[in-house]
Every structure is written in C-alpha cells, then in structure tokens.
Amino acid sequence: MGQILLNGIVKSYGKEVVVKNLDLKVETGEFLTILGPSGCGKTTTLRMVAGLEEPDQGMIKLDDKVVFSRNDGVVVPPEARHLGLIFQSYALWPHMTVAKNITLALKEQKISKSEIADRLKNALEMVQLTGYAERYPSELSGGQQQRVAVARLIALRPKILLMDEPLSNLDAKLRTEMRASLKRLHRDLTATTVYVTHDQIEALTLSDRVIIMNEGRIMQEGSPYDIYHHPANIFVAEFIGDPGINLFEGKIDNGKIKCSDIEIPLPENFAKNKGRLIVGVRPEKIEVSETKKNGWQEVVTGIIQPTGANTIIEVKAGETPITLLQNGFITLPENSKLWINFEHDTLSFFDPETQENLRNNVG
Amino acid sequence: MWVKFMAISAGNNKPKFWSIRNIFYQSYRLKNRPELVIGLVALCFLSFVVLVPLLQIIKDALTFQSYDLAYEPDGVVGEFTLFHLDRVFNQPISAALFYKPLLNSLKMGFAVTVIALSVGFCLAWLMVRTNVYFKGIFGGMLVIPYMMPSWVMAIAWLSLFKNDRIGGSEGLLTYLTGVQAPDWVAYGFFPIVITLALHYYAYAYLLISGALATVDSELEEAGATSGMGKWKRIRVITMPLLMPAIGSAIVLTFIRILGTFGTPALLGLPVRFFTFSTQIYASINARNQGDAFVLALVLIVLAISFIWINSRIIGVRKSYVTMTGKGFRKSESDLGKMRWPVTVLLILFLCITVAMPLILLLWESLTLIPGDYSLSNLTTYFWKGQGDVSLAYGEPGIIHNKGILGALLNSIKLGFAAAIFNGILGLLVGYAVVRGRGDRLSKWLESIAFAPYIFPSIALGAIYIGMFSTSIGPIPALYGTFTILILITVIKNLPFTSRTGIAAILQIHQSLEEAARVQGIGWFRRMLRIIIPLSMSGLVAGMLLTFITAMRELSLIILLISPGNMVLTGLIFSYQEQDMAQHSSAVTLALVLIIITISVIVRVMSRSAGVGRLNVT
C-alpha cells in the first residue's frame, strides 16, 4: 500500500519543458525528498502526482492503480486519488474554524459523527492543539497554522503524504521544531511520503532517500549520506553542503594536480591520467594546522565567521580562495598564517567536460 | 474489437486526435477541469445572447422585411437588399432620419462631455487636492446624481421651465414671474445638455478623483524643486499622469450619452429635436425596424471607433502611469481666504444638482391643479387619493394605484432577478477566467463578457427586438415578456459583474480550492463551501449595485416594455408623455428614494467589505 510509480513523465508550459522524461519509484512507507533549486520542476512533479497538473506524456501509478496514462487515456482527478497534500501556504480555509477545517472532508465522505469527533480529537492531540478547535486560522500563529494543516491531513488518514515546501514560511527556530514533528508524523502514520524542498538541511535530516533535480531532470538519487559524500556531478556537489564545497581545476602532472596556486597529490589510480581535472573537497574535510608542517599548503586567513559550534574560515592560497570549517568557536586575526592538508580519501574528482564524478571517494 | 484496437495502437506514443481513445481521454480531462466546462458553457451562452443578436440585426438590416413591402411592393421578404441603407443614408428622408439626429447626438455628446468633464475635474481637484470643508459629507453627496436615473433632472427641469408651447400646465417660473420661458430654454438642445451634464459630471468626478488620488504629490514637488511654477507643474507633470483616466472618462461618458434615451425624449421630442436614441425609438414605433437597426449599427460603430481612438492616443502612455505604493503621500494645498467661499459654492452646487430636483419633484407631486404652486393648492391626492374621475383621467394616487404598485413590484422583481443572475454569472465567468488563465478560452470569455460595454443601451435594446421578436428553435418569442427585460439587464451589467467576479476569485488563492480537491471534495461542494463564502462580500456589493442599475434603467428597456411587463421607469415615462406631471413626479420621487436607500446600504457594505469605488469600475 502506498507505492508511487512515475514513468516517462514529460510536462511543459508553452514551449518551456519543465519536467523531462522523469522516472521515479517511491516504495511503501518510504520518506523521499525531492530537492532542487526553484524552477527545477520539483513542485510540478509533486502536483502531477496529486493530479493538480496533467502531464503531457507518461504514466503515473499509485498502489498499482494507474491514475494517469496519456496512452491509455486515463486521468483520475485529484478528488479520487485519496492522498494528503500539505501546501506551502498551508491552504487553511480562513472562514472556517480549526475544527471545521479538519472535519470538512470527513463530513463530505459521510463518515459517522462519533467517528469524526474521534478523529478530530486524535488529530488535534497529535499536533498538540487540543483546545484550539474553535479558533479561526487568523487567530493562530504561523506554526500553529502549519500544525492545523498537518492535523487536517492526519484526520483523513491517507496512505500517501505529499508535502510542498511545508516549512519555508516559518522562521528558523520553528522550522527545526516542525522538522522533528514531521518526521514523527511520518513514523506514526507509516505513510509513503514525498517531500519537496529547496532546503538541503530538511532533505538531509528527514529523508530515507533524496532525489536532486535540476532543469527538469534527476541529477542524482540516493541516501542522504551518499548524496553528501558521493555527489554524482558538480551540480550536486555544489548544491549540497553549507558552506559549499571547494572546487579546484587543474592539470594532472607527475602524480599531482597543479592548480594556479596549489598542488594536490593524486591517489595512484588517478596519477596516470592525463589532461585536466576538477578536484572537490568539503570544507570540514581539510586538515588545518596553526604550525608549519612539512608538505602542507601555506594559506593566509581572510574573514572568520564563528557560528557557535563551528567556525567558517576563509583563507587564500596565493590568489585561490579556500573555505575551511572547523569545530569550536575560533577567533583569529586576519592575515594569520595557517597550514592545510588534503587527504586522498576525502577528495572527489570531476571531469571538466562532462561535469561527472570520476571516482566517488570512499568516505 | 475494442481489445484489438488497444493492442494495435499501444505502440504509438501519441494517439491520433480523432481516435476513440483520445476522445475518451479528452472527455476525462474535461471532467477533471471544471473551469473549462463552465468556460465553454458560458462562452456558448454569451455568444448566443451577445454576438448572435448583433449578426441578426446586421442580417435584418440587409434583407427585405415584411414591413418594408409597403414601400417596396416588389421586394421578396428575406432577400438581400440595400433598401434600408439607401433609406437611411441616401434619400431625401435621410436628413431627418439620420443626418440631423447624428449631428444632434454628436453635438449633444461633445457639449455634455466637455461640461461634465470640466465640472467633474474641478470637483475632483477640490476634493482630493485642497482643504475644502466638509469633505466627508460632500464626497457622499456629489455622487447622488449618479445614483438617480439620468432623466430625473429633466423632469425637474420641466417642472421649472415648462411653457405653453405643448399645452397643459406651465412651470414654476411662469407661475412665479408670469414670464414664459423661451422655447430654447424649455426644450431641445440647451436643456438636454445642461440636465445631462448635471448627471454625468458625477461619473467623471468618480473616475478622475480615483486617478488623482493615486498621483504622488512628491512627483510634483520634485518638479517644484527643479524650478517649475505651479501651473507648469500641473501642465507638465500632473495632467499627463491623469490623461489615461481623463481619456477613458471622456470616451465612457460619450458612449453613455449616445445611448441615453430618457432626457432627449422628455426634453427633445416636444419640439421634434431628435437624437440617435429617440430616432431609433421613433422608427421602431413607426414599425420601420430596418431603419432602427441601421441606426443602432451606426451607433455601435461610433462607440467602437471612440474606444479605438482613445486606446490609440492614450494606450501607449498608460505604461508610465506609476503608482508608487511606497513613500506615497498626497498633499492638500491650502485654499486660504478662498476656503469658505469655495465651500459655499460647493454647497450651492449640491443644492442645485441634488436638493432642488428632489424638492421640485416633491412639490410637483403635491399640487392639485398642475401649474399652480401656491400653498392652498397643495394636496396629498397623488400619493394616497382613491381615484377621482375629474382628476388626471381618474388615476388613483400611488398607494392605491394597481398599475403603479404592479410596476413597482416588477421593478423590484427585475432588480432581484438581475442581481441574482448577474451574481451567479459573474461568479462563474470570474471562476472560469481566473482558473483558466493562460488558455485561449479564458481570454475569449473575458472579451465577450466585456462586449456589452460597447453597445450603447438603446442599440442593445434594438438588437434584442430584432433577435427575440420571433421564436428561435425551442426558445419562444421573448418580446413583451418579463424574461427579455431580465435577460437584457443581465447582459448589459455583465461587464461590471464579471469584473467583480474576476476580482473576487483572484483574491482566493488557488491552493484553498486545491486543498479541498485533494481531500476528495467535489466541484459543487467546493463552490458551496469554499469559493462562494470567500467571495461573498464582493459579490453581494456587486449584486446590490446591479439591483440599483436595474431599478433605474430606462434607455436599455424602453424598446422592450409593454403593458404586460411594465416597470416603474417605463411608467414614469408614459405618465410624462401623457402630461400627468404629478403622477410622474410622485413615482419618480418614490423610485429615487428607494434607490438612494439601497445605495447607502451598498456604500456601507462595500466599505466594510473593503471593496471601495465599486461603482466606478
């Protein structure tokens, strides 16, 4: 129950193709996140699953039942797809109380009164809004409105949950709280969940599996760990991680890669290659020393940004900027000298032509 | 067979358009998109009631009709002919039939537009840009003439200046001074222009004050700091910014005046001063419908070309009318010593345009013998008399008069029916247009809903006579029925109500409906539980305005009313034609009071609903 299958989905608005031949499978009970920059086609994909948009081509199956097929002429309207959708704007009906918002659809389904009352009570308990049943949405805070939207969904007990950037209208602190409660919701309802966001932290913290989309195509899919550690291409490498990955382009020469100001020794299987290469290394994977060490690269500090638990340090090797991330609250005067080192197994290598990862590092 | 068909075409990526599967698929899609279904139905309906009638009268104007046989015994009914065009444009009779009324209409249109616009502009400037006293009260009072039927002023004018030319009683002027008002004061071009201008200034005032309020004073102050004098600032900065509003005020006023019937009929017909609208009326009455159709078509062509010229001149400039939104500030200039005199002038103006006509109507309705305005002649007979054969052909007073009460009931029924149908149609058109944005259907629907705007009222009436005087398929001949009054009122108000509907639906974020959709709530329930409750306030205000417009309408329906479907405005006109001044004054006053009461309710409601200035758009 709750499997989603998309096959060869194409969607365009006018001449602009926003989803290009998308194949996707979501297993029962899985939490899948579609992550991508705005305009990458992720929300359109979600809305096509819900039935709010109609694909130009392809097929969509929910629970082995075809709900859309261009070839077989099947279009099941959203009303009959029986799934739950949380909107970015919450979409609470402003003229109805919280209780009415939650129970409207239940009443339309001709569910018995006692059952409706039970579900309402239960849903309000789950989102900790007991006692708010008679309020109007405008009398609630943003976070509470969000929880009403969740409660409305809980009461319907759908097997499939779709969430369209549900946290993007909340402030940072509330977002962290709601993230945890959405994860709890998924666990308690054991519903298949598709979550759309442009926020990589949400994607990494919530998901069983992440799909990264760009310009209507899937760039990579995998576990949050894989996406972070083994980016399939430069787009994913740059998109994931904050502060962003360091990328150096250079020429392979004598077992090393020579960039303008730095040299990085290559592992053996790359040492024999020829031509140009892009090296990627995450800021926290670069070793740092305050004292000179043999073979380490000397750098000069620029802006230092302590964030509390960590500190982002911008340094320069000659003219090449490098970002470092260190544990702890570090203060250093500008123009201090530091020495850094790159470990083989923390590096990713990309082909400058195809942008593809040449060897996923083994992290 | 079906299975086989499926198997064969399974390999194809795109089914052919006319294949059975594709038709199934398309009908599935249609079910999935209620806005398309509504849009299609609305488009068909509107084409039938707007475009088909237009084509119908073009056809009628170019073919022989049975009533033409008196002039052309050789003609074959239904055959193509230029007979009507020839008669209207190219015969000795054309001067009286076409050229004189055209000239009169244009002269009247220009004169009224110039006066109404100048007055409206001055008032708008005073109210928005100066510190004149009692702005709140004036703001409400200034638009009262606009709420009243446009010909109320004409009836008041007659009470004041009627002379002995057409027999019957004389006006207040003659009674007080013994002097007969000369013909040119009592009837014809001059009084028509004055009384219409005193009605339409309110329209110009509403449009211009709305635009003036959005011009940021800082733009003018920027001019001042670069050394421009006051008049130069107005000429160089303010006026260009106001041009689009003034342009559309000119065109819309002009079109309305071309189509207006009541005033030119009341003040023009006694001296055989014909305008387009009264000539159309006369032709229809003389059973020369073909002439009327040609005249109506010319009127529509005139209206369209004015709109076109306006959009050519102003359209390009519209782009730089900037409403800054932020940092917006408007300054009021101090009238100084002139503050009180200007205020007094305004009060005087309001006395003449608002208070005086109403007082004259009241007085007239209270005189026993017409023309005698002395206190001893006052009576309440025309309000509550039982009907005395020696007075006014034995017509009873208002509250005992079955004819008047019946017409009042019809007017209210017409208002209600128009309001309800307009509300529903406006909502559905708004829904289909907004939800279908981007589709061609949406654009077509929006344009066709706007089309009745360019038909001058009297021309639309003529079109409907042409269309509905015989039965069309299952639809019986509607001429003379109450249905046709409702239909034409709904159609004429559609541009306004569909805009209200569009604005109302635009305010409801799409996701509110989608949330219900995903939760399994069907289209009808969504409309009932979500769309209608959320758009209610705007819709109700719009519907009440439709109600008022329907109650005061004369030009639109004058050609379509008969004793069987008489409404108040038509009754007033016939009383006036029979020179029963007290009855017409009493009924007019009653009508005006009803309209003003409802208008006040609308104002209060639309203010609380946050839909200001609905009556302008």
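## A closer look at the overall build of chain B
When helices and strands are tallied, chain B shows 26 helices and zero strands. Relative to its length of 617 residues, chain B is compact, with a C-alpha radius of gyration of 27 Å against a globular reference of 25 Å. In terms of overall dimensions, chain B has C-alpha extents of about 100 × 80 × 50 Å along its principal axes. Of all 617 residues assigned to chain B, the portion counted as buried reaches 46%. In chain B, the share of contacts with a sequence separation of at least 24, taken over all contacts with a separation of at least 6, comes to 74%.

## Focus: the overall build of chain A
Within chain A, the secondary structure is distributed over nine helices and 22 strands. The dimensions of chain A, computed from C-alpha atoms along their principal axes, are 75 × 50 × 35 Å. In chain A, of all internal contacts separated by at least 6 residues, the share reaching a separation of at least 24 is 62%.

## What to know about unusual backbone geometry
Backbone geometry follows two general trends: most residues other than glycine have a negative phi, and most peptide bonds adopt the trans configuration. The linkage connecting Asp242 of chain A with the following residue, Pro243 of chain A, adopts the cis geometry, with an omega of 0°. When you line up the elements, Pro243 of chain A lands in the loop between α8 (234–239) and β12 (246–253). You will see that His82 of chain A, though not glycine, has its phi angle at about 55°, which is positive. One non-glycine residue, Phe134 of chain B, lies in positive phi territory at about 55°. Note on placement: Phe134 of chain B falls in the loop between α5 (94–129) and α6 (135–142). The class for Phe134 of chain B is exposed, based on 11 C-beta atoms found within 10 Å.

## Observations regarding the domain arrangement of chain A
All names here are of chain A. As assigned here, chain A comprises domain 1 (4–239) and domain 2 (246–359). Distance between the C-alpha centres of domain 1 and domain 2: 39 Å. Listed per partner, the contact involves seven residues of domain 1 and seven residues of domain 2. By residue class, the composition of the side of domain 1 that touches domain 2 is five nonpolar, two polar and no charged.

## Re the packing of helix α3 (residues 34–61) of chain B against helix α21 (residues 457–468) of chain B
Residues and elements named next belong to chain B. Packing of α3 against α21 leaves a shortest axis separation of 8 Å and a crossing angle of 80°. When the axes of α3 and α21 are compared, the pair comes out roughly perpendicular. Judged by residue contacts, Val52, Pro53, Leu54, Gln56, Ile57 and Asp60 of α3 engage Ala462, Ile463, Tyr464, Gly466 and Met467 from α21. Partitioning the contact of α3 with α21 into residue classes produces eight nonpolar, two polar and one charged.

## What to know about α21 of chain B
Residue and element names in this part refer to chain B. The first and last C-alpha atoms of α21 sit 16 Å apart over 12 residues, in line with the 16 Å expected at 1.5 Å per residue. Burial runs high along α21: 12 of the 12 residues are buried. Those residues of α21 that fall on the buried side of the exposure criterion are Ser457, Ile458, Ala459, Leu460, Gly461, Ala462, Ile463, Tyr464, Ile465, Gly466, Met467 and Phe468.

## Some thoughts on the nonpolar core
Formed by 265 residues in total, the largest nonpolar core has its most connected members in Ala204, Ile208, Ala296 and Ala462 of chain B. Each of domain 1 (4–239) and domain 2 (246–359) of chain A gives at least three residues to this core.

## Quick notes on the interface of chain A and chain B
Counting residues at the interface gives 21 residues for chain A, matched by 24 residues for chain B. With three residues, the top contributor of residues to the side of chain A that touches chain B is helix α2 (residues 98–108) of chain A. Taken together, the residues of the side of chain A that touches chain B break down into 13 nonpolar, five polar and three charged.

## With respect to the environment of Pro101 of chain B
Residues and elements named next belong to chain B. Within the secondary structure layout, Pro101 lies in helix α5. The exposure class of Pro101 is buried, given the 24 C-beta atoms found within 10 Å. Pro101 sits 185 residues away from Ala286 along the chain, and the two C-alpha atoms are 16 Å apart. Excluding residues within four positions of it along the chain, Pro101 makes contact with Phe274, Thr275, Phe276 and Gln279.

## A look at the sheet that holds strand β11 (residues 217–222) of chain A
Residue and element names in this part refer to chain A. Across the sheet, which stays open at both edges, the six strands sit in the order β7-β8-β9-β3-β10-β11 with mixed pairing between neighbours. A single partner strand is all that each edge strand has here, and the edge strands are β7 (84–86) and β11. Pairwise comparison of adjacent strand axes, ignoring direction, gives a mean angle of 15° for this sheet.

## Quick notes on the sheet that holds strand β4 (residues 57–62) of chain A
Residues and elements named next belong to chain A. The antiparallel open sheet is built from five strands, whose spatial order is β2-β1-β4-β5-β6. One side of each edge strand has no neighbouring strand; the edge strands of this open sheet are β2 (16–26) and β6 (74–75). Pairing of β4 with strand β5 (residues 65–69) involves four bridges; the strand directions are antiparallel. Bridge pairing in β5 places Lys61 opposite Val66.

## Quick notes on helix α24 (residues 523–552) of chain B
With 30 residues, α24 of chain B ought to run about 44 Å at 1.5 Å a step, yet its terminal C-alpha atoms sit only 37 Å apart, falling short of that. Taken as a whole, α24 of chain B carries its principal kink of about 65° at Met536 of chain B.

## Re the confidence of the model for chain B
Residues and elements named next belong to chain B. When pLDDT is averaged across chain B, the result is 82; 90% of the residues are at 70 or more. With pLDDT under 50 throughout, residues 1–12 is counted as low confidence; its partners more than four residues away or in other chains account for two contacts. Across residues 317–329 the pLDDT falls below 50, and counting only partners more than four positions away or on other chains, this stretch makes 12 contacts in the model. Complex prediction metrics read pTM 0.81 and ipTM 0.84.

## Re the pairing of strand β17 (residues 297–306) of chain A
All names here are of chain A. With four bridges connecting them, β17 and strand β20 (residues 337–341) associate as antiparallel partners. In the sheet register, Glu298 faces β20, and the bridge partner there is Trp339. Of the pairings in the sheet, the one linking β17 to strand β18 (residues 310–317) comprises five bridges and is antiparallel in character. If you follow Gln305 over to β18, its bridge partner there is Ile312. Hairpin geometry of β17 and β18 is characterised by an intervening segment of three residues between the two adjacent antiparallel strands and by a positive phi of about 110° at Gly308.

## Considerations on the packing of helix α8 (residues 152–161) of chain B against helix α17 (residues 339–365) of chain B
Residues and elements named next belong to chain B. Between α8 and α17, the least distance of the axes is 9 Å, while the angle of their chain directions is 60°. As judged from the angle between their axes, α8 and α17 are oblique. Both α8 and α17 take part in a crossing whose hand is left-handed. The segment α8 lies against α17, with Val152, Met153, Ile155, Ala156, Ser159 and Leu160 engaging Met356, Pro357, Leu360, Leu361 and Glu364.

## Focus: the confidence of the model for chain A
This prediction gives chain A a mean pLDDT of 89; 98% of its residues lie at or above 70. Here helix α9 (residues 268–271) of chain A stands out as the least confident element of chain A, with mean pLDDT 73; strand β3 (residues 31–35) of chain A is the most confident, with 95.

## Regarding the environment of Ser19 of chain B
Residue and element names in this part refer to chain B. The topology assignment puts Ser19 in the loop between α1 (2–9) and α2 (20–32). Accessibility expressed as a C-beta count within 10 Å gives 15 for Ser19, which makes it partly exposed. As for Ser19 and Arg499, which are separated by 480 residues in sequence, their C-alpha atoms are 39 Å apart.

## Let's talk about the pairing of β4 of chain A
Residue and element names in this part refer to chain A. Along β4, the buried face is formed by Gly58, Ile60 and Leu62; none of Gln57, Met59 and Lys61, which line the opposite face, is buried. Pairing of strand β1 (residues 4–13) with β4 involves five bridges; the strand directions are antiparallel. Residue pairing across strands places Ile4 opposite Leu62, the latter belonging to β4. Counting the residues that bridge the hairpin from β4 to β5 gives two residues, and of these Asp63 lies at a positive phi of roughly 55°.

The rules we used
- Residues numbered from 1 in each chain as written.
- Chains lettered and ligands numbered in written order.
- Predicted model: local features only at pLDDT ≥ 70, side-chain atom pairs only at ≥ 80, totals over all residues.
- Helix = DSSP H or I, 4+ residues; strand = E, 2+ residues; numbered from the N terminus.
- Rg over C-alpha atoms; globule rule 2.2 N^0.38 Å.
- Buried ≥ 20, exposed ≤ 12 C-beta atoms within 10 Å, placed from the backbone.
- Contact = placed C-beta atoms within 7 Å.
- Domains from an automatic or database assignment.
- Nonpolar A, V, L, I, M, F, W, Y, C, P; charged D, E, K, R; others polar.
- Axes fitted to C-alpha atoms, helices over the stretch in contact; angles between N-to-C directions.
- Parallel < 35°, antiparallel > 145°, perpendicular 65-115°, else oblique.
- Expected span 1.5 Å × (residues − 1).
- Core = buried A, V, L, I, M, F, W, Y, C linked by C-beta atoms within 7 Å.
- Pairing = 2+ DSSP bridges.
- Bend = angle between axes of the 7 residues up to and from the residue.
- pLDDT = per-residue confidence, 0-100.
- Left-handed = near helix turned anticlockwise from the far one by under 90°.

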